[in-house]
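Survey of secondary and tertiary structure
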Amino acid sequence: MFDLPDIWDAVMRGAVLSLLGFGWIILLVNIVGLRSFSKMTSFDFVMTVAMGSLLATIATVSAWTGFVQAVVAATILFGTQYIVARIRKVSNSFESFIQNQPMLLMRDGEFIEDALIQTRVAKDDLIAKLRESNVLHLSQVRAAVLEATGDVSVLHGDSLDEILIEGVQDCR
């Protein structure tokens with residue numbers, strides 16, 4: 001690729017292509033916006049994983065055609081994410097097609113067994129999330145929600161504004 005002895009060619013490829021690929025992705029993030037790597041939706045999460053894979057591909061290709069192909073793929077994915085985000089704002093049917101619905105796993109200190117089964121979340125895993133959220137008593141938990149991104153949100157305290165769980169699927 002750089003017409004150097006094999007070892008130096010590999011070192012140059014790794015260094016130069018990594019820097020070029022990283023720079024290209026930073027440029028795309030600046031154009032499309034910081035939301036590019038958010039985990040607001042499952043689509044965003046897939047985008048983040050795909051970019052990591054493409055950057056690895058960019059850094060390890062052995063021909064310029066492979067580099068160009070990976071850079072084009074990254075550009076297309078950023079463009080697709082931008083378009084999908086725009087369409088989601090204006091189309092509720094598209095929004096429900098592309099977005100997973102959050103699921104209520106606990107309400108008012110009680111586990112919702114049907115939700116745990118349906119989402120395949122183990123009670124032990126949910127209890128670990130409760131500990132991470134500094135819950136001291138199950139009775140303090142107003143709601144535990146498996147978000148569309150796969151994260152678990154734990155809402156605890158004396159009361160809960162219902163708007164915080166609006167649109168959350170409830171199996172009870």
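Please refer to the structure higher up on the page.
Report follows, based on the coordinates. Note that the coordinates shown come from a computational prediction; the quantities given were computed from them, not determined experimentally.

1. Thoughts on the packing of aromatic side chains
Applying the stated rule across the entire model yields 1 aromatic pair. Consider the rings of Trp64 and Phe67, whose centres lie 5.6 Å apart with planes at 85 degrees: the pair is edge-to-face. Taken as a pair, Trp64 and Phe67 lie in helix α3 (residues 64-90) at a separation of 3 residues, close to a single helical turn. Over the ring of Phe111 we find Lys123, and its NZ or CZ is 4.7 Å from the ring centre.

2. Considerations on the sheet that holds strand β3 (residues 141-146)
Paired through backbone hydrogen bonds, the strands of a sheet run either parallel or antiparallel to each other. Taking strand neighbours across the sheet as the criterion, the 4 strands line up as β2-β1-β3-β4 in an open arrangement whose pairing is antiparallel. The open sheet has two edge strands, β2 (110-111) and β4 (152-156), and neither has a second partner. Pairing of strand β1 (residues 103-107) with β2 involves 2 bridges; the strand directions are antiparallel. The residue bridging Arg107 from the neighbouring strand is Glu110, located in β2.

3. A short note on the nonpolar core
Counting 22 residues, the largest nonpolar core has Leu105, Met106, Leu126 and Leu130 as its most contacted members. Elements represented by at least two residues in this core include exactly β1, α5 (113-119), α6 (123-132), β3 and β4. The element that contributes the greatest number of residues to this core is β3, accounting for 5 residues. The contacts of Leu126, once residues within four sequence positions are left out, are Leu105, Met106, Phe111, Leu116, Val121, Ala144 and Val152. Counting residues in each nonpolar core, the second largest holds 14 residues, with Ile25, Val29, Leu54 and Ala70 among its members.

Basis of the calculations
Residue positions are given per chain, counted from 1 along the sequence in the order it is written. Selection of residues for local features in this predicted model requires a pLDDT of at least 70, selection of side-chain atom pairs for listing and counting requires 80 or more, and totals for whole chains, interfaces and linings are taken over all residues. In computing side-chain properties, one takes all heavy atoms of the structure into account and sets aside hydrogens as well as water. The pairing test for Phe, Tyr and Trp rings, Trp by its six-membered ring, is centres within 6.5 Å, and the orientation test on the planes gives stacked under 30 degrees, edge-to-face over 60, and tilted for anything in between. Comment: elements are numbered from the N terminus, with helices defined as DSSP H or I runs of at least four residues and strands as E runs of at least two. Here, a charge over a ring means that NZ of Lys or CZ of Arg falls within 6 Å of the ring centre while also lying within 35 degrees of the ring normal. Any two strands with at least two DSSP bridges between them are considered paired. To qualify as a nonpolar core, a set must consist of buried Ala, Val, Leu, Ile, Met, Phe, Trp, Tyr and Cys residues joined through side-chain atoms within 4.5 Å. Partly exposed describes any residue whose relative accessible area lies between the buried limit of under 20% and the exposed limit of over 50%, with all areas from a 1.4 Å probe on protein chains only and scaled to the type maximum. Any pair of residues with heavy atoms lying within 4.5 Å of one another is described as a contacting pair.

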